[in-house]
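What follows is the residue order along each chain.
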Amino acid sequence: MAPILHSYAHKLIPSKHLSEWTRGRMYRLYERGMPLREISNYLNIPLTTVHDTVAAGDQEGKERKGRGRYPKISKAQNDAMVEEALKNHNTTYKDIAKKIASEVSEKTIKHRLAEENLKKWVAQERVHLDEPLAQKRLEWTLAYRHWTKEIWRRRAIWANEVTVEKGGGKRRKWIFRYLKEKWNKDCIEPTARV
């Protein structure tokens, strides 16, 4: 009875990648002087695969390069883009492209910055608190801190009325920041005092 795992000389083994063991056998047979066609027949591997593998054998020990094209921008340009985005939070992808890498698209810059976990976020709106206003609010809080819920219900007037104006809105501000910088002072859009 024939063995279960049997390869025929006319039938090539389908595989996308050669194992290290198979590659080692191929190099060993080539070093002993066996022609490429005989290695191909002996190992049941296509001749072009044997040729390409042996030709790349001089690069053994070196890191194998992956497929795909080389990146359009260098590591130094990546670092410069991140630095520019953090230096000026309000800048746009287009401005970064003009300053650092004019030959690449805005989409490429967006991807490179996203790889560094840096992207555009809507700036959080907060009331601008300067020292005098912060001091007044602290004094008011300390003056009424002893009030209970019942006192607040009886003495304070609460209203849930809101005014809405059509077309009076302003455009949201988009800034570059890391996720953890949400409430940093330079990442907040100050609003009018309430």
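For the chain, an unreviewed UniProt entry supplies the name Transposase Tc1-like domain-containing protein and the organism Choiromyces venosus 120613-1.

> Got a minute to help me understand the pattern of salt bridges in this structure?
Should the charged atoms of two oppositely charged side chains come close, the side chains can pair. Per the stated rule, a full pass over the model turns up seven salt bridges. In this structure, the salt-bridge partner of R112 is E115, at a minimum N-O distance of 3.3 Å. Within this pair, R112 and its partner E115 are both found in helix α6 (residues 106-115), separated by three residues, close to a single helical turn. Through salt bridges with shared partners, one network takes in E84, K87 and K99.

> Can you walk me through the packing of helix α1 (residues 20-31) against helix α2 (residues 36-43) in this structure?
The relative placement of two packed helices is expressed as an angle between their axes plus a distance between the axes. One way to put it is that α1 packs onto α2 with a least axis distance of 10 Å and a crossing angle of 145°. The way α1 lies across α2 gives a crossing that is right-handed. Of the residues in α2, those touching α1 at T22, R25, M26, L29 and Y30 are L36, I39, Y42 and L43. Split by residue class, the contact of α1 with α2 holds seven nonpolar, one polar and one charged.

> Looking at this model, I keep getting lost on the side chain of E181. Mind explaining?
On the secondary structure map, E181 appears in the loop between β3 (174-177) and β4 (188-191). R177 provides the closest opposite charge to the buried, unpaired E181, separated from it by 6.5 Å. From its side chain, E181 meets the backbone nitrogen of Y178 in a polar contact 3.1 Å long. Each residue touching E181, except ones within four places of it in the same chain, is listed here: L86, H89 and C187.

Rules of the game
- Residues numbered from 1 in each chain as written.
- Predicted model: local features only at pLDDT ≥ 70, side-chain atom pairs only at ≥ 80, totals over all residues.
- Heavy atoms only, no water.
- Salt bridge = Lys/Arg side-chain N within 4 Å of Asp/Glu carboxyl O.
- Helix = DSSP H or I, 4+ residues; strand = E, 2+ residues; numbered from the N terminus.
- Axes fitted to C-alpha atoms, helices over the stretch in contact; angles between N-to-C directions.
- Left-handed = near helix turned anticlockwise from the far one by under 90°.
- Contact = heavy atoms within 4.5 Å.
- Nonpolar A, V, L, I, M, F, W, Y, C, P; charged D, E, K, R; others polar.
- Buried < 20%, exposed > 50% of the residue type's maximum accessible area, 1.4 Å probe, protein only.
- Lys, Arg positive; Asp, Glu negative; His and termini not counted.
- Polar contact = N/O pair within 3.5 Å; in protein donor to acceptor, adjacent residues only side chain to side chain.

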